[in-house]
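# A look at the structure
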Amino acid sequence: MTDSKVRPTLIAEGARLGETVPRAVIDRATASVGIPPEPGFNAGEEIDIIRKRLEDLRQQLNAASDMVRGGARQGARQAEAGVKLYPMSSLLAAAAATAALTLAIVGLSPRSRRSRYERVFDDLRGLYDSAFERL
């Protein structure tokens, strides 16, 4: 009834208890866990490729930020020139923008609703007023 062929276990091959098992291939015949590394894999080359890509991304980010800064400076200069050339129009435009923003905020704010009790009190006041008018 016993198996004549003894199967090696993971513990016999040096795996430690409590060690996480990656989601991969588990081969019971050789007591190996995971996908064997490819023979042509070189970690140093992979790291160099990633570093080059990272440096390219840094250069692209620097170029984009320089463009944004230049556009912001140009916009500020144009706004300053517009205020110098048309001071009254600029003041009216700023006042109109402020008024529009204020009206938008006031329009969006919820109006206080009267509670049920306040409505009942108003009805009672109306009844008392009409009763006193009859007398």
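Note that the structure is predicted; figures quoted are calculated from it, not measured.

Here is what the cut-offs are and how they apply
Residues numbered from 1 in each chain as written. Predicted model: local features only at pLDDT ≥ 70, side-chain atom pairs only at ≥ 80, totals over all residues. Heavy atoms only, no water. Helix = DSSP H or I, 4+ residues; strand = E, 2+ residues; numbered from the N terminus. Areas by Shrake-Rupley, 256 points an atom, 1.4 Å probe, with all protein chains shown as cover. Salt bridge = Lys/Arg side-chain N within 4 Å of Asp/Glu carboxyl O. Buried < 20%, exposed > 50% of the residue type's maximum accessible area, 1.4 Å probe, protein only. Patch = residues over 30% accessible without salt bridge, like charges linked within 9 Å, V, L, I, M, F, W, Y side chains within 5 Å. pLDDT = per-residue confidence, 0-100.

### Looking at the overall build of the protein
When you go through the protein residue by residue, the secondary structure sums to 3 helices and 2 strands. Sequence-ordered secondary structure for the protein, helices as α and strands as β, is β-β-α-α-α. Summed over its atoms, the accessible surface of the protein is roughly 13,300 Å², and 60% of this surface lies on carbon and sulfur atoms.

### A word on the pattern of salt bridges
For the coordinates displayed, the defined rule picks out 4 salt bridges. One salt bridge connects R58 with E55, and the closest N-O pair in it is separated by 3.8 Å. Placement of the pair is R58 and E55 together in helix α1 (residues 43-85), with a separation of 3 residues, close to one helical turn. On the basis of relative accessible area, R58 is assigned to the partly exposed category, the value being 47%. Overall, E55 belongs to the partly exposed group, its relative accessible area being 37%.

### Some thoughts on a nonpolar patch on the surface
Together, Y117, V120, F121, L124, L127, Y128, F132 and L135 give the surface a local cluster of nonpolar side chains, amounting to about 980 Å² of exposed area. The class for L127 is exposed, based on a relative accessible area of 54%.

### Remarks on the confidence of the model for the protein
Looking at the protein as a whole, the pLDDT averages 77, with 70% of positions reaching at least 70. Within the protein, α1 carries the highest mean pLDDT (87), whereas strand β2 (residues 32-33) carries the lowest (68).

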